[in-house]
Amino acid sequence: MLNLQEIRQLENGRIIIIGDVHGCAIQLQQLLDRVNPGKNDQVLFVGDLVNKGPDSNSVIDLAKTVNARCLMGNHERRLLRYRRQGDVSALKRLDVATALRLRKSDWAYLDECSDVFVLPEYQTLVVHAGFLPVIPWQQQDLNIITEIQVLGEDGVPARRTQFPDAALWADYWQGPEFVIFGHTPLKEVYRQPFALGIDTGCVYGGKLTAFIFPEGRIVQVNGRKKPDDFCEC
Ligand SMILES: [Mn+2]
């Protein structure tokens, strides 16, 4: 028999947050099969849905199938800058290959990417890369929130490759909002009191991770075989 709280959850559905997919359509299909989103569930992606992996088109098709919404990752951002403004200066080799393959409908999907998802019922924010501690999150621009990995010297946002020994931004984040993020691939889900990193490097041979509210459950599938052209870019 269902108690009242369970009935309420059934009506409200779950929130299923999925880490960086990077064009790994087979792994995303496997993860969705495991999680089995229903019509009351909301699927959210942390961004970097496309690029690097083998099949960005099919990943977007799958995202649409489950009515998922996506955040702006640094990869979507570079691609959209090219699409919207014709800016080729920031494009990397992989971006060009992806841009040539994206269909009009794929671009339309990426065009709807959000900067941050706010989940007030869980006092939670979902963001691609993270936030600088201290500054209110609402004041932080896309350069920070789609790129930050570690705090470099003087507390500036930086890439992990620039300061390999520096601590992740999440180590300093004091809340009160709980932040779920991707962008920085790690072997395991990264847990801090007020942050949870769910990029487990699917495209690099790690895993693809989903975090599910309200249970707080983690579901993972194995990532693709590690490619020869490994590049953390
Ligand atoms: Mn990223």
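For the structure itself, consult the block above.
Fair warning: this is a prediction, and the values are worked out from it, not measured in the lab. (Residues numbered from 1 in each chain as written. Predicted model: local features only at pLDDT ≥ 70, side-chain atom pairs only at ≥ 80, totals over all residues. Heavy atoms only, no water.)

(A) Broad picture of the coordination of the manganese ion. Donor atoms from the polypeptide that coordinate the manganese ion comprise Asp-48 (OD), Asn-74 (OD1), His-128 (NE2) and His-183 (ND1), at 2.1 to 2.2 Å from the metal. Between consecutive donors of the manganese ion, the numbers of intervening residues give the motif D-x25-N-x53-H-x54-H. Here Asp-48, found in the loop between strand S2 (42-45) and helix H3 (56-65), pairs with Asn-74, found in helix H4 (residues 74-85); they are 26 residues apart in sequence, far enough to count as distant. Note on Asp-48: relative accessible area 2%, which makes it buried. (Donors = N, O, S within 2.8 Å, 3.2 Å for Na, K, Ca; no water. Helix = DSSP H or I, 4+ residues; strand = E, 2+ residues; numbered from the N terminus. Buried < 20%, exposed > 50% of the residue type's maximum accessible area, 1.4 Å probe, protein only.)

(B) Broad picture of the sheet that holds strand S8 (residues 178-181). An order of S4-S5-S8-S10-S9 is seen for the 5 strands of this open sheet, with the pairing classed as mixed. Where the open sheet ends on each side, the last strands, each with one partner, are strand S4 (116-119) and strand S9 (190-192). Strand-to-strand twist across the sheet, computed as the mean angle between neighbouring axes with direction ignored, equals 15°. Both S9 and strand S10 (residues 195-197) contribute to a ladder of 3 bridges, which runs antiparallel. Looking across to S10, one finds that Gln-192 is bridged to Ala-195. (Pairing = 2+ DSSP bridges. Axes fitted to C-alpha atoms, helices over the stretch in contact; angles between N-to-C directions.)

(C) Focus on unusual backbone geometry. With an omega of 10°, the peptide bond between Gly-175 and Pro-176 qualifies as cis. Looking at the secondary structure, you find Pro-176 in the loop between strand S7 (157-158) and S8. A cis amide bond, omega 5°, links Phe-213 with the succeeding residue Pro-214. Counting through the fold element by element, Pro-214 comes out in the loop between strand S11 (207-213) and strand S12 (217-222). If you check the backbone angles, Asp-154 has positive phi at about 65° while not being a glycine. The residue Asp-154 is located in the loop between strand S6 (150-151) and S7 in this model. According to the relative accessible area criterion, Asp-154 is exposed, its value standing at 80%.

(D) The arrangement of the nonpolar core in detail. Ranked by internal contacts, the top residues of the largest apolar core, which has 37 residues, are Ile-18, Val-21, Leu-28, Phe-45 and Leu-49. At the level of secondary structure, the elements contributing two or more residues to this core comprise strand S1 (15-18), helix H2 (25-35), S2, H3, H4, helix H6 (104-111), S11 and S12. Looking at which element gives the most residues to this core, the answer is H2, with 5 residues. With residues near it in sequence (within four places) discarded, Ile-18 still touches Leu-28, Leu-31, Leu-32, Val-43, Leu-44, Phe-45, Val-46, Ile-198, Leu-208, Thr-209 and Ala-210. If you look at the next biggest cluster of nonpolar residues, it comprises 16 residues, including Val-127, Phe-131, Ala-170 and Trp-173. (Core = buried A, V, L, I, M, F, W, Y, C linked by side-chain atoms within 4.5 Å. Contact = heavy atoms within 4.5 Å.)

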